[in-house]
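Here's the letter readout for the chains.
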Amino acid sequence: MDPLTQVSSDAFLHRKVLHHPHNHEDKARQFSVVSYNILADCHVSPQTYPYCPEEHLRHRQLEKELRYLNGDIVCLQEVGTTYYQEYLVPMMQKQGYDGFRFKEKVLGCPEGIGMFFRTSRFSVVDFTSFDFNSKFKELIMKYVGESERDYVYKYLEKTSVMMMCRLRCKETGRVVSVGTFHVIWWMGLMPSTPQHVEVDVQSLQISVAISEFVKFAGGVDKPHILCGDFNSSPFSPAYGILTRGYLGGGGYEMFRALRPFKVSDNESKCLIELLPSSLYSHPSKSLKSAYAEVKGKEPDFTDYTDSFVECLDYIWYSSDSIRVTEVLDMVPESAITPLTACPNRVFPSDHLSLKAVFHLTDQQN
């Protein structure tokens with residue numbers, strides 16, 4: 001039998017639910033969060049994703065998977081602007097998601113991030129979004145000398161944006177902040193490219209994102225959940241910042257080895273010499289990864305292409321104020337290998353979706 005015929009088009013509907021061994025809570029007080037990079041149509045071509053089906057077939061699989069995931073809060077990355085307006089909003093509204101927000105990337109990139117939530121479960125307390133270029137410009141004006149500002153800004157200028165929403169649970173009256181963003185692609189992840197290209201920018205994006213998010217949430221003690229495509233493996237400096245709250249020694253060495261700014265024939269500088277190293281940190285003291293907490297480690301992969309397989313996507317939460325009760329495990333690699341790589345006729349994105357179930361602790365907002 002052709003191995004391709006052995007993989008059902010509903011293979012993503014057969015994922016195991018993994019329960020935390022110690023965290024149990026009344027189901028009525030739980031809520032679920034989904035994070036998924038759905039791969040924008042503008043990035044798809046026969047050259048980049050040779051196994052990707054026709055657009056309408058891929059969209060149909062996306063709809064089927066989002067219905068299966070059935071999250072109370074759904075955070076999406078790489079959402080095509082046209083796809084969001086013409087297809088995604090009507091589709092999600094049919095599934096009961098009357099709450100929705102969208103933020104398009106900057107610099108003319110026709111995709112962005114979206115957030116959907118069930119208004120039967122949550123109401124909006126506050127919402128905001130920003131592009132990282134505006135935040136970086138503030139840092140440059142504060143810390144970088146006038147003669148160096150232009151080339152530092154050019155180095156940091158990217159399309160990335162962030163979205164944050166404070167939601168009140170109608171069941172409990174409690175407020176939780178949810179944020180999502182899509183970190184720039186770290187070219188050093190690819191074996192064929194120069195190592196560590198722009199990993200310093202990536203780490204700075206993550207640090208700034210969490211710092212802004214904690215302020216938006218009302219402080220480190222307020223419940224907050226941050227999810228998205230972090231483009232950071234568990235062995236990257238950025239992941240270390242997420243888990244520790246600051247840049248480790250290996251990260252310093254890596255960043256100092258980068259010399260993107262040629263200031264003279266004999267001198268070049270690195271970003272960490274121009275911006276304070278303290279910026280590569282965040283204040284969320286109890287931040288944990290939902291999957292690592294339940295599984296004991298991160299998934300083996302959340303991105304699966306013919307040239308690259310890695311864990312890049314996460315759902316992080318403030319463990320002092322939130323408990324994770326379960327996560328939806330990844331599909332086994334054996335469900336993908338007969339199809340060579342993602343996206344394909346079964347899996348509609350190069351990334352795989354994440355889902356975690358949480359409940360707030362008894363700590364008051």
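Residues numbered from 1 in each chain as written. Predicted model: local features only at pLDDT ≥ 70, side-chain atom pairs only at ≥ 80, totals over all residues. Heavy atoms only, no water.

Draft legend 1. Structural context of the pairing of strand β2 (residues 31–37). Judged by how many residues are buried, β2 sits mostly within the fold: seven of seven residues are covered. Residues of β2 alternate between two faces, with F31, V33, S35 and N37 on one and S32, V34 and Y36 on the opposite face, all of them buried. Sheet topology note: the β2/strand β17 (residues 354–360) ladder contains five bridges and is antiparallel. Along β17, the bridge assignment pairs V33 with A356. Both β2 and strand β3 (residues 73–80) contribute to a ladder of five bridges, which runs parallel. By the bridge assignment for β3, V33 is matched with I73. Following the backbone out of β2, through helix α1 (residues 55–69) and into the adjacent parallel β3, one traces a crossover that is right-handed. (Buried < 20%, exposed > 50% of the residue type's maximum accessible area, 1.4 Å probe, protein only. Helix = DSSP H or I, 4+ residues; strand = E, 2+ residues; numbered from the N terminus. Pairing = 2+ DSSP bridges. Right-handed = clockwise from strand over helix to strand, strands pointing away.)

Draft legend 2. Summary view of the pattern of salt bridges. Inspection of every chain in the model, using the stated rule, returns 13 salt bridges. D41 serves as the salt-bridge partner of R58, at 2.6 Å between the closest nitrogen and oxygen. Pair noted here: R58 is in helix α1 and D41 is in the loop between β2 and α1, with a separation of 17 residues, a long-range link. Assessed through its relative accessible area of 3%, R58 is described here as buried. (Salt bridge = Lys/Arg side-chain N within 4 Å of Asp/Glu carboxyl O.)

Draft legend 3. Seen up close, the packing of aromatic side chains. Scanning the entire structure with this criterion turns up 21 aromatic pairs. Taken together, the ring pairs in this structure connect F130, F132, F136, F181, F230, Y239, Y314 and W316 into an aromatic cluster. Between the NZ or CZ atom of R101 and the centre of the ring of F127, over which it lies, the distance is 5.3 Å. Directly above the ring of Y97 sits R118, whose terminal nitrogen or CZ lies 4.2 Å from the centroid. (Phe/Tyr/Trp six-rings, centres within 6.5 Å; stacked < 30°, edge-to-face > 60°. Lys NZ or Arg CZ within 6 Å of the ring centre and 35° of its normal.)

Draft legend 4. Spotlight on the environment of T243. Topologically, T243 is positioned in helix α6 (residues 237–244). In sequence terms T243 and E333 are 90 residues apart; their C-alpha atoms lie 27 Å from each other.

Draft legend 5. Quick look at unusual backbone geometry. A cis geometry characterises the amide bond from C342 onward to P343, with omega recorded as 0 degrees. If you trace the backbone, P343 turns up in the loop between β16 (322–328) and β17. If you check the backbone angles, L39 has positive phi at about 65 degrees while not being a glycine.

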